[in-house]
Amino acid sequence: MHVVHSAGDSRARGVAMRARRPPRLAEFMSRIGIRVRGAAAYERLLHEADAKPETFWREVFDYFGIRFAAPCTRILDTSFGMPWTVWCVGGETNLVHHCLDRHRDTPVWTKPALVWRSEDGRSETLSYREIDAAVCRLAIALCALGVRPGDVVGLRLPGISEAVIATLAVLKIGAVLLPLERTLGDGELARRLGDAQAVVLVTADRDERGTATEALRTAIAELPDLQHHIIVCERGMPIVRRRPRIQRWHRLVRRGAAALPTLTRPADAPALIVYTEEGSGPAVATVQTHGGFLAKLLVDFGLCLDWRQEDRVAWIADPGTLAGPLQIVATTLLGATLILAGDDESAAWRFAGACEASVLALDCDRIDPRVAADAAAVAAAVSPALREVVAVGTGSHADAHPWITARLCRDSVPLLRYETCIALGGGVLTGTLLHGAGCVPVPGCRLDLVAARGDAHADAASGALVLRRPYIALTRGLWNDPARYLVRYWSRGPEICDLGLAARRRVDGSWSLIERIPPHPGRAPGAGAANPVALHSPAVTPSALDIGRPARHPEQAS
């Protein structure tokens, strides 16, 4: 189905977007009793979230109408130490319950969930109902291949519809999603698959250079856990039957049923593995859970960035990075429409404009818009419907913000910065519609700046960025490596989480990331007998240590 929009539709949508009700963030603060205005109101929100995390997160879930299949008996349990905090104790859910299932029998069900452009220029729109049917067919096929809850499935796909379908299908059956960057060399990709013990890999039939994937198949042939390699065959390439067994995507899904119940999982069960190269040393695998990632996206995109059901979101980034799960899960969670346009960056800019994107997000760590995009393509991305531009990054491309403001925002559309930290599953600092171009801490995480000697500076201008309180989306250990998790993030002490980032805090209250820094060189608590609670508590089961998951609350232990 081709996407066609008239100029009248565009102008009407732009007017409607700008005239809608006040930002959700203001509504939420009013709901929880914050009556003051301006910067003082947001500071009060940060204080309330820090002082009363149980109340804050329950209010977030209630505000967005989130209901768990089994309710949480407690929001957090820190009895095993801050590094092993357990969240949403006793709760059961699945991200797909909230991304797809809860939209059934609502107006969202028949609206566009995805608009995408193929390499040959075709445009197609898939509704939430159609996406759900495709997700169910692939989920059934994955189960038939032997994928079970807790198994890891790697995805290395460009911005095509199959990336959305595969992401949600993996989560639906309780498996763990492993996004893989398109720019990874075959050796590093094989290392990550082996390290994560992935059982299935999903790729397109060509890599980012347009060549056949024979080298990749050679690299992964000896991985002991990898059983199946599913290929989205765009060019009808010949399939060689050998281990890991090659499967054609279209053959797997063509006869599948269009309905399958979503598997309910413990809210603190792993949902997503994302590798990060923050600091020194090889990349390590951070872990996001169904409950933690859900809460994170509600606050980041639902409250701070104010994405709505009527939005059409174009996020120009590699789906194999954290941006992939963020954009797919966030848009469907909030009932919005996602715009994808493959690997051609210029085509993505133009397609965003043709589809009347109301939100345009740019991954500034990987795309320097001043260099990578031609002027005509950038101009084509701007439409009367555009109401918000999000600059995603880690502060290293801050000099691109004036360019974005002039070329995309044109001094009338707000530019919101979204500074990310993979260990937190998304933003650590964010812009909001209440702060203009300023960046502030994301609600719910108690940030502080710490000097090299380890002392906190209440009025410091810059320093290492740390957490002083547990955070619902902080990585649950490192996959298969709990001891390294303690070395990487807790070397300053059992109540200071070093994020491996440096930040600056300005006099006006705004923050910014300024660089990545290696973790503190001190000895990790728990590397030996220094932290018996973390590694030697009876509540920490051997299986929890083997896979790098957090300590289990006695109510959750099997």
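Next up on the list: the packing of helix H2 (residues 24–31) against helix H4 (residues 53–63). In the contact formed by H2 and H4, the axes pass within 11 Å of each other and the chain directions differ by 120 degrees. Relative to H4, H2 is oriented oblique. The interaxial crossing formed by H2 with H4 has right-handed handedness. Contacts between H2 and H4 involve Arg24, Glu27, Phe28 and Arg31 on the former and, on the latter, Phe56, Glu59, Val60, Asp62 and Tyr63.

Looking now at the nonpolar core. Formed by 133 residues in total, the largest nonpolar core has its most connected members in Trp57, Phe301, Trp307, Leu465, Tyr471 and Leu499. Of all the elements, helix H11 (residues 290–304) adds the most residues to this core, at 9 residues. Counting 27 residues, the second-largest nonpolar core is a separate cluster that includes Ile316, Ile339, Val389 and Cys409.

In the predicted model, the protein carries a mean pLDDT of 83, and 81% of its residues have values of at least 70. In the predicted structure, residues 1–8 sits below a pLDDT of 50 and forms 14 contacts with residues beyond four places in sequence or in another chain. Counting interchain partners and residues more than four positions distant, the pLDDT-below-50 stretch residues 208–212 has 6 contacts.

Glancing now at the packing of aromatic side chains. For the coordinates displayed, the defined rule picks out 13 aromatic pairs. On the basis of an interplanar angle of 50 degrees and a centroid distance of 4.7 Å, the ring pair of Phe301 and Trp307 is categorised as tilted. In this structure, Phe301 and Trp307 share a single accessibility class: buried. Here Trp307 and Trp315 contribute two aromatic rings whose centre-to-centre distance is 6.3 Å and whose plane-to-plane angle is 85 degrees, an arrangement assigned as edge-to-face. Side by side, Trp307 and Trp315 carry an identical accessibility label, which is buried. Through a chain of ring-to-ring contacts, the aromatic side chains of Phe28, Phe56, Trp57, Tyr63, Phe64 and Tyr471 assemble into a single cluster.

All right, on to the pattern of salt bridges then. With the rule as written, the count across this model stands at 21 salt bridges. Across the pair Glu188 and Arg192 runs a salt bridge whose closest N-O atoms are separated by 2.9 Å. Here Glu188 and its partner Arg192 are both found in helix H8 (residues 186–196), 4 residues apart, which amounts to about one turn of the helix. A relative accessible area of 25% means that Glu188 is categorised as partly exposed. Through salt bridges that share partners, Glu181, Glu188, Arg191 and Arg192 make up one connected network.

With that settled, the discussion passes to the pairing of strand S4 (residues 112–117). With 5 bridges connecting them, S4 and strand S5 (residues 123–127) associate as antiparallel partners. Within S5, the residue paired with Trp116 across the bridge is Glu124. Of the strand pairs in this sheet, S4 and strand S15 (residues 337–340) are connected by 3 bridges, and their pairing is parallel. In the sheet register, Leu114 faces S15, and the bridge partner there is Leu338.

This part covers the environment of Ile339. Counting through the fold element by element, Ile339 comes out in strand S15. Looking at Ile339, the relative accessible area reads 4%, which means it is buried. In this view, Ile339 contacts Val115, Arg312, Val313, Ala314, Trp315, Phe351, Cys355 and Ala357; residues no more than four positions away in its chain are not counted.

Now for unusual backbone geometry. Here Gln197, not a glycine, exhibits a phi torsion of approximately 60 degrees, which is positive. The residue Gln197 is located in the loop between H8 and strand S8 (198–204) in this model. On the basis of relative accessibility, which here comes to 43%, the residue Gln197 falls in the partly exposed class. One non-glycine residue with positive phi stands out, namely Asp306, at about 60 degrees. In this structure, Asp306 sits in the loop between H11 and strand S14 (312–316).

Cut-offs and rules
- Residues numbered from 1 in each chain as written.
- Predicted model: local features only at pLDDT ≥ 70, side-chain atom pairs only at ≥ 80, totals over all residues.
- Heavy atoms only, no water.
- Axes fitted to C-alpha atoms, helices over the stretch in contact; angles between N-to-C directions.
- Helix = DSSP H or I, 4+ residues; strand = E, 2+ residues; numbered from the N terminus.
- Parallel < 35°, antiparallel > 145°, perpendicular 65-115°, else oblique.
- Left-handed = near helix turned anticlockwise from the far one by under 90°.
- Contact = heavy atoms within 4.5 Å.
- Core = buried A, V, L, I, M, F, W, Y, C linked by side-chain atoms within 4.5 Å.
- Buried < 20%, exposed > 50% of the residue type's maximum accessible area, 1.4 Å probe, protein only.
- pLDDT = per-residue confidence, 0-100.
- Phe/Tyr/Trp six-rings, centres within 6.5 Å; stacked < 30°, edge-to-face > 60°.
- Salt bridge = Lys/Arg side-chain N within 4 Å of Asp/Glu carboxyl O.
- Pairing = 2+ DSSP bridges.

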